[in-house]
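Descriptive analysis of the structure
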Amino acid sequence: MYDLISKYFDNTITSEEREMLFSAMMDDEDLRMEFASIQNIHALTALFPVNNDQADGIRSLLDFKQSKKKKSFIPPLKHIIGYAAAICVAVLSTWAITNIDKKYPAEEIEYEEISAPAGQRAFVKLHDGTTVWLNARSTLRYPNRFSNERTVELDGEAFFEVKKNQKKPFIVTTEKLEIRVLGTHFNVYAYKGRDEFKTSLLEGSVEVYDRKDDSKALFLQPNEQAELIENKLIKTSFDSKDFLLWREGIYSFDDVAFGDIIKKLELYYDITIAVNDQQINDYKFSGKFRQRDGVESVLRTMQKVRYFRYIKDDELNMITIK
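Overview of the structure. (Residues numbered from 1 in each chain as written. Predicted model: local features only at pLDDT ≥ 70, side-chain atom pairs only at ≥ 80, totals over all residues. Heavy atoms only, no water.)

1. Considering the nonpolar core
F258, L265, L299, M302 and I321 are the most contacted members of the largest nonpolar core, which has 33 residues in total. When residues of this core are traced back to their parent elements, those giving at least two are β14 (250–257), α6 (258–269), β15 (272–275), β16 (284–290), α7 (295–303) and β18 (318–321). Those residues within four positions of L265 in sequence are excluded, and the remaining contacts are D270, I271, I273, V295, V298 and L299. Core analysis: the second largest hydrophobic core is formed by 32 residues, A122, F160, F170 and L220 among them. (Core = buried A, V, L, I, M, F, W, Y, C linked by side-chain atoms within 4.5 Å. Buried < 20%, exposed > 50% of the residue type's maximum accessible area, 1.4 Å probe, protein only. Helix = DSSP H or I, 4+ residues; strand = E, 2+ residues; numbered from the N terminus. Contact = heavy atoms within 4.5 Å.)

Written as structure tokens, this is what we have:
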């Protein structure tokens, strides 16, 4: 997996390799923590004037980890990462002092992107300490360093635990609206090309607003959510947090119409589902389903509550419900 991490930071990783890496990180906490640590070093070295040193340094660090299995006397990687980070900070401080009057040109800010494949989740720790979980088929785009504002772009669903910084607000931009916070925990559902938009707040406070229309803005307190309905922001409260179980790989539906569940399954698993029996669309279901079990497992479970038949066409990536 360390070869894949190296490829990721070299920008030479393929989409298949990226999916394999993120899938492995979902099941391996140590690998996920090492990835986050190396990502932090990547953020530090991105500020140096010589770009080749950054890539060479990360490759060397990963090669060192690979050889660790053969040399038991070598200290743990987390210690090496700590030493490397300390050296990065020291060199960066010296470089900053000697270039105190120079401003960073705008082109030095580069953007990184992380995506969660269909039927999976992804986790990323940003350079300011903010952590983000991404639901299936979601993408987060963010700069390798933040300036006056910490702005990220989201397409999909994500849960944010924002590192508090009074001087630098954290802004999530989506296709429809923006969310501004200082330090808080909240969930955003905002897939591009879809009508549904929802922001749910667990801790702190957030402002949901439209940068093109100041009148369309709401401030949320814990256990409140903002939902876009017929182009209007509506504030409601919530008690159950089961809708956040997706972070643990569980999709939860509570008295939800069959047709609405089908739309979510199409989205999460990147598959077309045609319903020929329209009467079943209004029938409401409640249940919890494991993400990794797949779309057919969800359908088979719902069949036990309200019988229906379905046929799957693997060539067309399509399910027909009769």
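2. Quick word on α6
Turn by turn, an α-helix covers 3.6 residues, leaving residues three or four places apart pointing in a common direction. For α6, with 12 residues, the first-to-last C-alpha span of 16 Å sits near the 16 Å given by 1.5 Å per residue. Where α6 is concerned, the buried positions are F258, G259, I261, I262, L265, L267, Y268 and Y269. Positioned one or two residues after α6, D270 has a phi angle of 55°, which is positive. (Expected span 1.5 Å × (residues − 1).)

3. So, the packing of aromatic side chains
A full pass over the atoms with the stated rule returns 12 aromatic pairs. Taken together, a centroid distance of 6.5 Å and an interplanar angle of 65° make the contact between F146 and F170 edge-to-face. With a gap of 24 residues between them, F146 in the loop between β4 (139–143) and β5 (150–161) and F170 in strand β6 (residues 170–173) connect regions that are remote in the sequence. Among the residues examined, F146 registers a relative accessible area of 13% and is labelled buried. Ring plane angle 10° and centroid distance 4.4 Å describe the contact between Y251 and Y268, whose orientation is recorded as stacked. With Y251 in strand β14 and Y268 in helix α6, this pair connects stretches of sequence that are 17 residues apart. Its relative accessible area of 5% is what places Y268 among the buried residues. Through pairs of rings, three or more aromatic residues link up here, namely F146, F160, F170 and F186. When the ring centre of Y111 is taken as reference, the NZ or CZ atom of R141 above it lies at 4.1 Å. (Phe/Tyr/Trp six-rings, centres within 6.5 Å; stacked < 30°, edge-to-face > 60°. Lys NZ or Arg CZ within 6 Å of the ring centre and 35° of its normal.)

4. Some remarks on the sheet that holds β18
Ordered by their spatial adjacency, three strands build an open sheet running β15-β18-β17, and the pairing between neighbours is mixed. With partners counted over all chains shown, the strands left at the sheet margins are β15 and β17 (310–313), one partner each. The sheet shows a mean angle of 15° between the axes of neighbouring strands, direction not considered. Relative to β18, β15 runs parallel, the two being bridged by four bridges. (Pairing = 2+ DSSP bridges. Axes fitted to C-alpha atoms, helices over the stretch in contact; angles between N-to-C directions.)

5. Side note on the pairing of β5
Here strand β3 (residues 131–134) pairs with β5 via four bridges, running antiparallel. By the bridge assignment for β5, T131 is matched with E161. Judged from the three bridges that link them, β4 and β5 form a sheet pairing that is antiparallel. Paired with R141 across the strands is E153, a residue of β5. Linking β4 to β5, which pair antiparallel, is a turn of six residues. As paired strands, β5 and β6 are joined by four bridges and run parallel to one another. Bridging from a neighbouring strand, E153 pairs with T173 of β6. As judged from the six bridges shared by β5 and strand β8 (residues 185–190), these two strands associate in the antiparallel manner. The partner of E157 across the bridge, within β8, is Y189.

Read these as spatial facts, not as claims about activity.
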